[in-house]
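# Understanding the architecture of this molecule
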Amino acid sequence: MEKVRVRFAPSPTGSLHIGGARTALFNWLFARKHNGTFVLRLEDTDLLRSSTEASLGIIEGLQWLGLDWDEGPDKGGSFGPYRQSERLPIYNKYLDKLIANNMAYYCFCSSEELQQEKELARNQKRDYKYSGRCKQLSADEIQERLKQGLHPVIRLKVPNSGTTVVYDLIRGNVEFSNALLDDFIIAKSDGWPTYNFAVVVDDASMEITHVIRAEEHLSNTPKQLLIYEALGLKPPSFAHASMILAPDRRKLSKRHGATSVQEFRDEGYLPEALLNYLALLGWSSGEDRDLWSLDELIQEFSLNNISRSPAVYDIEKLTWMNGHYLGNSNAERLLNLVSTQGEMPKYLAEYPREYLLQALDLVGNRAKTLNEIPTAIQYFCEDVDSYDAKGVAKHFKKENAVDILNAVIDIVENCPQFEAADIEALLRQQAETMQLKAAALIHPTRLALSGRTNTPGLFEVMEILGRERCLQRLKKAVVYVQG
């Protein structure tokens, strides 16, 4: 295989969403698998809709995901510039070549004239195609109109017979009839190239070997191949990944939770979880497994294993994956991430780092997102002011609830080494003395100390809370139960 060069070429008119992020990931994996080059190119010729803010957002999203690029706007390279808005002289050189070789022509038709053609086609009940009348203009007629200050578009001369075949590495050969195309515009009247022309020039001049992109671009590919042919350039290999659908199998939109990469970050998802999830949207190694590290994905990734069928977006699966990666993150990392996850709750900021790390060691594997962690460890840092209603009915309304809580208070006061193993041994011994199951003491104690019915191991929780805090909360619970 020739030296692999791939690119991710977003239009900076909005945020980096999961479809674009998946495209970037597939290109990045392919480049890293083959020791190739991953290029970031910003297609910002839509001057009205493109923005610096969107460009920075795309770069920020890729950086957060850890998808580093080898060439791009901020890194440079031998094939720049890497912003289309800075490449107009390059496009003009190729446009001039097409005009000189009679492969393209100036079109001076006004919008009114084109509208008349469309109405005629509608009245004759046929599909509209540009008539090509400007193709017949002589050189003198063209020069005269240019002198008049008219600003033409440039159209490619398209054969009106035969087929254009897209050799797709995922879908096989896809044929398109040339008769369905008209002489389409490759440069607008303001002098800027259209998408299809600019992308061909960019990919050819940047020596891109493989174009891996979304299925929605497949319909553009025959036009691009005709441009390659007119310019005498070798096209890259194409691979069009399947669409990503919503759970109801409709087009994915924001109402389905398809948010930007930064929104996933702000909602408490980890980059490795999102990357793992995105890789499985349309790709499979053939193994029955869901969890993959980046190194494993690089090793296994192949265009041959990208499905032709649409992938279905499933936020529940992503959240499950995120919980797995949170559970495998150490407390130091979790605390650092939580500390930068928006405004840190006051109760976290007031406690020693070592104490918070102990708490996170317990609760980190129970959270599904980073945003759940402050709430998960809240009872380690704040007094309990309320109790779970179902827990109260089940554990505090029993006739012996006060006796149980007082028995636990006695254990806490007299436990020589206030450590989990010693606390557990004394509590189980006390349960036997009272002829109760250990659970009869454990559940009301958990409710008294946390206000909750579900926490990590009670005895580890008690050790971290410490003797004095446990006593204060148990005595408070006794008062609550006594009413």
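Reading the values: rules and limits
Residues numbered from 1 in each chain as written. Predicted model: local features only at pLDDT ≥ 70, side-chain atom pairs only at ≥ 80, totals over all residues. Heavy atoms only, no water. Pairing = 2+ DSSP bridges. Helix = DSSP H or I, 4+ residues; strand = E, 2+ residues; numbered from the N terminus. Axes fitted to C-alpha atoms, helices over the stretch in contact; angles between N-to-C directions. Buried < 20%, exposed > 50% of the residue type's maximum accessible area, 1.4 Å probe, protein only. Right-handed = clockwise from strand over helix to strand, strands pointing away. Contact = heavy atoms within 4.5 Å. Disulfide = S-S within 2.5 Å. Polar contact = N/O pair within 3.5 Å; in protein donor to acceptor, adjacent residues only side chain to side chain. Salt bridge = Lys/Arg side-chain N within 4 Å of Asp/Glu carboxyl O.

## A few points about the sheet that holds strand E7 (residues 185-187)
Strand pairing in a sheet relies on backbone hydrogen bonds, with the paired strands running either antiparallel or parallel. Taken together, three strands build an open sheet; the order of strands is E3-E4-E7 and the sheet is antiparallel. The sheet terminates laterally at strand E3 (104-107) and E7, the two strands that pair on one side only. When strand polarity is set aside, the average angle formed by the axes of neighbouring strands in this sheet is 45 degrees. Looking at chain direction, E3 and strand E4 (residues 153-156) are connected through four bridges and run antiparallel. From the neighbouring strand, Ala104 faces E4, where its bridge partner is Leu156.

## Observations regarding the pairing of strand E9 (residues 237-241)
The two faces of a sheet get side chains in turn, since along a regular strand they alternate between them. Burial analysis of E9 places four of its five residues in the buried class, which makes it a mostly covered element. Alignment of strand E8 (residues 210-214) against E9, held across five bridges, turns out to be parallel. Its bridge partner lying in E9, Val211 is registered against Phe238. Traced from E8 through helix H7 (residues 221-231) to E9, the parallel crossover comes out right-handed.

## Brief notes about the environment of Lys97
Within the fold, Lys97 resides in helix H3 (residues 88-100). Put simply, Lys97 and Arg122 are 25 residues apart on the chain and 35 Å apart in space, counted from C-alpha to C-alpha.

## Quick look at the pairing of strand E2 (residues 37-40)
Residues Thr37 and Val39 point to one face of E2 and Phe38 and Leu40 to the other, with burial holding for every one of them. Direction of pairing for strand E1 (residues 5-8) relative to E2: parallel, over a ladder of four bridges. For Arg7, the partnering residue across the bridge sits in E2 and is Val39. Following the chain from E1 across helix H1 (residues 18-33) to the adjacent parallel E2, one finds a crossover that is right-handed.

## Some thoughts on helix H14 (residues 353-363)
Where H14 is concerned, the buried positions are Tyr355, Leu356, Leu357, Ala359, Leu360, Leu362 and Val363. Against the buried residues of H14 lie helix H12 (331-339), helix H13 (346-349), helix H15 (373-376), helix H16 (378-381), helix H21 (458-465) and helix H22 (467-482).

## Focus on the state of the cysteines
All chains considered together, the criterion is met by zero disulfides. Cysteine Cys107 is unpaired, with the sulfur of Cys109 as its nearest cysteine sulfur at 3.8 Å. Taking relative accessible area as the criterion, Cys107 reaches 3% and is therefore assigned buried. No disulfide involves Cys381; its nearest neighbouring cysteine sulfur is the one of Cys470, lying 14 Å away. Here Cys381 falls in the buried class, since its relative accessible area comes to 8%.

## What about the side chain of Asp183?
Tracing the sequence through the fold places Asp183 in the loop between strand E6 (172-177) and E7. For Asp183, a relative accessible area of 7% corresponds to the buried category. Engagement of the side chain of Asp183 in a polar contact is seen with the side chain of Tyr105, the distance being 2.8 Å. Once residues lying within four places of it in the same chain are set aside, the contact partners of Asp183 are Tyr105, Tyr130, Lys135, Arg155, Leu156, Lys157 and Val158.

## Topic: the pattern of salt bridges
Where charged atoms of side chains with opposite charge meet at close range, the side chains can pair. Under the criterion given, the structure shown has 22 salt bridges. We note a salt bridge from Asp68 to Arg32, for which the minimum N-O separation is 3.6 Å. With a gap of 36 residues between them, Asp68 in the loop between helix H2 (52-65) and H3 and Arg32 in helix H1 connect regions that are remote in the sequence. The partner of Asp183 in a salt bridge is Lys135, with the nearest N and O atoms 3.0 Å apart. With a gap of 48 residues between them, Asp183 in the loop between E6 and E7 and Lys135 in the loop between helix H4 (111-123) and helix H5 (139-147) connect regions that are remote in the sequence. One salt-bridge network, held together by shared partners, links Arg7, Arg41, Glu43, Arg87, Asp202 and Asp203.

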